[in-house]
Amino acid sequence: MKLAGAGVAATSMGALGFSEAEAAEIAHVRPFKLATTTETRNTCPYCSVACGIIIYSKGDVRKGEKADVIHIEGDVDHPTNRGTLCPKGAALKDFVTSPTRLHYPMHRKPGSDKFERVSWDEALDRIARLMKDDRDANFLAKNEKGLEVNRWSTVGMLAASATTNETAWATFKFAKSLGMVGFDNQARV
Amino acid sequence: MSVSSLQPDPSMIGGISKALFALMPNPARLFKERATRFEVLAETSNLAPYLKFLAGIVRVQADLVAELPPVQPVDAEQVARARDGAMPPIDRSAMIQSDEYRKTVQLFLDRVQDLEMPAAAAEALEAVRAADDETLAWMAGNVIGDTLPVESLAHHLFVAAATQVHAARLAALLDGNALVPVSVGVCPSCGGKPAGSMVIGVQGAEGARYACCSCCATMWNEVRVKCLACGSTKGIGYRSVEVDGGEEAVIKAEICDSCNSWSKLLYQNKNPTLEMIADDVASLGLDLLMKETDYRRAGFDPFLIGY
């Protein structure tokens, strides 16, 4: 019942008698290499809508290569934006590749005219120190009527927007447990 | 609003439609356009003789669509039952038992005789034409099982091409809105394997990815950056033939580190002339380069077996 072709060919083209064309293509592609690219899902960092995006890059970090972002577009599979982006989101690639983009903490010392790079530890220690000093100096536990208010009104906080509900909850607890009054979210800006 | 309408529609502002789950084939156009695409690709390809041969095969498919009497649609009750069970409404094993299917195969085999083809192909066609009903049924079974025996790939190509005609005509009569996802990489119309997938630029589905059934040509929506073979979204990467100047390729291999397979992805949104089957064959170079890697091809195309 089984049918067998004239020659032993493991491919459709070979079995049908197009081995010459197949061989020509094999010879043609031999000097070519495979280019590596990736497409990665993420959310736009700008506002609370958190539109889905696909980041295209050349090179594959997982394979130990260096990857460069070459294109960013709306993620059509994302239920929030279905592939659309606002003008800010559509320009995200320039945000990533911007020469003025901040890559690490910088510090401009009092009286200095330039920013200097500092480590994350230094930056966070300094922020914590300054916050603590300011809170110790200005924290208001009770108002003039003697009512307990626990206010810290001399420092404000602006939180980032591309967050989950859980991050937002933790951020709120952090700010309010310190007594911060001036607290808002980038999402409303 | 129809996709091709030029009438302004204010309701389009603000309301971004969800991409349709399934795009049903239009056999009258499908095979004509595919044949034309094969001919265009043959003009500049090393594979010209094969592409011209396939253009001829697809022209016969188109002729058959125009000539054959209307096909009996799938029973409404079966469509409803399949939907309830998340199964494809076209039962391919029942399909190949039907007289309509057998007549389509016979007529196809008669017509392709007139094509110019190498001796090996002509010999295979002669063997298929001389085959008894039992052998033909066995071949049809292999075709709908999406696995072709390596020793008779040429014979099966003819039966597979005839099957595509019948399956596409059946699928065309289904209501795409009534289809439900069956499983990753399984056609919601007929249960067939995809040849690959395309990112399309059609209004209302810009940038959405559709897998293209190798049997009935139904296109169904699959989430992007996801393996079509195992459904994993982890470890997905892309490979393409590197070209000078670093221009972005419009045909890529989507690789999956979870199951070590790859499937072809055509960016039709970047080059609207791309056609799933024709460009799959013409981009054999990518298959040849991918063959040297650890990944194996997941897409099924009866015109391109063995890579």
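Residues numbered from 1 in each chain as written. Chains lettered and ligands numbered in written order. Predicted model: local features only at pLDDT ≥ 70, side-chain atom pairs only at ≥ 80, totals over all residues.

A few points about the sheet that holds strand 8 (residues 180-185) of chain A
All names here are of chain A.
- Sheet architecture is open: 3 strands sit in the order 6-7-8, paired in mixed fashion. Each edge of the sheet is formed by a strand with only one pairing partner; in this case those strands are strand 6 (140-142) and strand 8. Averaged over all pairs of adjacent strands, the angle between their axes in this sheet comes to 30°, without regard to strand direction.
- The sheet contact formed by strand 6 and strand 7 (residues 148-159) spans 2 bridges and is antiparallel. Residue pairing for strand 7: L140 is matched across the bridge by R151.
- Of the strands in this sheet, strand 7 and strand 8 touch helix 6 (residues 165-178), which is tilted by about 160° from strand 8. (Pairing = 2+ DSSP bridges. Helix = DSSP H or I, 4+ residues; strand = E, 2+ residues; numbered from the N terminus. Axes fitted to C-alpha atoms, helices over the stretch in contact; angles between N-to-C directions. Contact = placed C-beta atoms within 7 Å.)

Things to note about helix 7 (residues 133-144) of chain B
Residue and element names in this part refer to chain B.
- In this model helix 7 runs 16 Å from its N-terminal to its C-terminal C-alpha over 12 residues, within 8% of the 16 Å that 1.5 Å per residue would give.
- Restricting attention to buried positions, one finds in helix 7 the residues M139, A140, V143 and I144. Down the axis, helix 7 shows its buried residues gathered within 135° of arc, on one side only. (Expected span 1.5 Å × (residues − 1). Buried ≥ 20, exposed ≤ 12 C-beta atoms within 10 Å, placed from the backbone. Arc of directions from axis to C-beta.)

A word on the domain arrangement of chain B
All names here are of chain B.
- You can read the domains of chain B as domain 1 (25-37 + 48-176) and domain 2 (179-297).
- If you average the C-alpha positions of domain 1 and of domain 2, the two centres end up 22 Å apart.
- Of the residues lining the interface, 23 residues belong to domain 1; the matching set on domain 2 comes to 20 residues.
- Broken down by element, the residue count for the side of domain 1 that touches domain 2 peaks at 6 residues, all from helix 8 (residues 153-172). (Domains from an automatic or database assignment.)

Focus: the nonpolar core
- Formed by 109 residues in total, the largest nonpolar core has its most connected members in L54, A171 and C216 of chain B.
- Residue contributions to this core peak at 14 residues, all from helix 8 of chain B.
- When residues are assigned to domains, this core turns out to be shared by domain 1 (25-37 + 48-176) and domain 2 (179-297) of chain B, each giving three or more.
- In contact with L54 of chain B, not counting residues within four places along its chain, are F38, V281 and F303 of chain B.
- Among the nonpolar cores identified, the runner-up in size contains 8 residues, and I53, I54, I72 and L92 of chain A belong to it. (Core = buried A, V, L, I, M, F, W, Y, C linked by C-beta atoms within 7 Å.)

Re the confidence of the model for chain A
- Mean pLDDT over chain A: 90, with 95% of residues reaching 70 or higher.
- Model confidence for chain A, summarised as mean pLDDT per element, is weakest for strand 8 of chain A at 91 and strongest for helix 5 (residues 120-138) of chain A at 97. (pLDDT = per-residue confidence, 0-100.)

Notes on unusual backbone geometry
- Phi at R82 of chain A is positive, roughly 45°, even though this residue is not glycine.
- Positionally, R82 of chain A belongs in the loop between strand 3 (68-74) and helix 3 (87-90).
- Even without glycine at this site, D146 of chain B takes up a positive phi of about 55°.
- Relative to the elements of secondary structure, D146 of chain B occurs in the loop between helix 7 and helix 8.
- Taking the C-beta count within 10 Å as the criterion, D146 of chain B has 17 such neighbours and is therefore assigned partly exposed.

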